[in-house]
Amino acid sequence: EFICQYEKYYMLMNPSPLFSATMHECVERGMDAYEGGAKDAEMGGNIYAAARAYVTMTGGVIEDGSATSTGGNIFTSNSSLNSLTISGGVIRGGTAKDGGNIFAGGRLEISGGAVINGTATGRGGNIALKTTALNATFNMKGGCVTQGEAGNGGNLWAYAEKTYRATVNITGGSIGGAVTVDGVE
């Protein structure tokens with residue numbers, strides 16, 4: 001609870017004018033990024049995890065993120081060293097071109113919680129698993145992925161380029177709706 005109270009005042013204690021000046025929405029609105037000046041991220045509207053990032057979610061809510069390209073709520077880059085593990089909580093309401101709620105380029109594991117109501121104009125309304133440089137894996141042992149909307153793979157879309165592999169293992173939980181696994185382009 002203390003962290004949530006702190007976040008309300010983060011912008012006042014840590015203004016970022018130079019960082020904000022790199023975002024056209026901040027400049028147009030005359031607002032700091034932490035004050036709400038940035039409207040949409042290109043990738044990872046709420047969480048952007050680059051190489052060697054380990055993200056674990058055991059509870060709470062991540063919601064209403066928006067990205068113009070990939071990962072409305074969460075983006076993890078193409079790296080076998082990246083890991084996103086969800087054992088509880090809710091991820092919902094994300095919008096992006098690909099991966100409305102989650103765009104994963106490394107390893108994604110769901111053993112609990114819910115990923116719901118994601119919207120993608122392209123692929124993977126809730127989850128897009130895509131690799132262009134390494135193998136990527138999605139393991140689902142529990143939880144639910146449902147109510148996603150997309151042009152291709154409403155709830156889950158998995159894809160690998162060239163000789164790489166996107167592996168999908170579902171041993172528990174539920175995915176309600178469209179799942180698309182594409183091959184090599």
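Residues numbered from 1 in each chain as written. Predicted model: local features only at pLDDT ≥ 70, side-chain atom pairs only at ≥ 80, totals over all residues. Heavy atoms only, no water.

**Here we look at the side chain of Thr131**
Right, on to step 1. Considering the arrangement of structural elements, one finds Thr131 in strand E13 (residues 127-131).
Right, on to step 2. Aside from chain neighbours lying at most four places away, what touches Thr131 is Asn78, Gly105, Ala136, Tyr159, Ala160, Glu161, Tyr164 and Arg165. (Helix = DSSP H or I, 4+ residues; strand = E, 2+ residues; numbered from the N terminus. Contact = heavy atoms within 4.5 Å.)

**Observations regarding the packing of aromatic side chains**
Right, on to step 1. Summed over all chains, the structure comprises 3 aromatic pairs.
Right, on to step 2. With a centroid separation of 5.0 Å and an interplanar angle of 15 degrees, the aromatic rings of Tyr48 and Phe75 are classed as stacked. Here Tyr48, found in strand E2 (residues 47-49), pairs with Phe75, found in strand E6 (residues 74-76); they are 27 residues apart in sequence, far enough to count as distant.
Right, on to step 3. On the basis of relative accessibility, which here comes to 47%, the residue Tyr48 falls in the partly exposed class.
Right, on to step 4. With relative accessibility at 7%, the residue Phe75 sits in the buried group.
Right, on to step 5. Ring geometry for Trp157 against Tyr159: centres 5.6 Å apart, planes inclined by 5 degrees, an arrangement best described as stacked. Take Trp157 and Tyr159: they sit in the same class, and that class is buried.
Right, on to step 6. An aromatic cluster is built from Tyr48, Phe75 and Phe103, whose rings are joined through pairwise contacts. (Phe/Tyr/Trp six-rings, centres within 6.5 Å; stacked < 30°, edge-to-face > 60°. Buried < 20%, exposed > 50% of the residue type's maximum accessible area, 1.4 Å probe, protein only.)

**A word on unusual backbone geometry**
Right, on to step 1. For Asp64, which is not glycine, the phi dihedral falls at a positive 60 degrees.
Right, on to step 2. Position of Asp64 among the secondary structure elements: in the loop between strand E4 (61-63) and strand E5 (67-70).
Right, on to step 3. For Lys162, which is not glycine, the phi torsion reads 55 degrees and is therefore positive.
Right, on to step 4. Structurally, the position occupied by Lys162 is in the loop between strand E15 (156-160) and strand E16 (166-176).
Right, on to step 5. The exposure class of Lys162 is exposed, given its relative accessible area of 58%.

**Let's talk about the confidence of the model for the chain**
Right, on to step 1. Taken as a whole, the chain shows an average pLDDT of 84; of its residues, 82% reach a score of 70 or greater.
Right, on to step 2. By mean pLDDT, the top-scoring element of the chain is strand E12 (residues 119-123) (96), and the lowest-scoring one is helix H1 (residues 2-8) (52). (pLDDT = per-residue confidence, 0-100.)

**Digging into the pattern of salt bridges**
Right, on to step 1. Summed over the entire model, instances satisfying the criterion amount to 3 salt bridges.
Right, on to step 2. A salt bridge links Arg92 to Glu63; the nearest nitrogen and oxygen atoms lie 2.9 Å apart. Remark: Glu63 occurs in strand E4 and Arg92 occurs in strand E8 (residues 90-92); sequence separation between them is 29 residues.
Right, on to step 3. Residues Glu109 and Arg107 are paired through a salt bridge, measuring 3.6 Å at the closest nitrogen-oxygen approach.
Right, on to step 4. Among the residues examined, Arg107 registers a relative accessible area of 33% and is labelled partly exposed. (Salt bridge = Lys/Arg side-chain N within 4 Å of Asp/Glu carboxyl O.)

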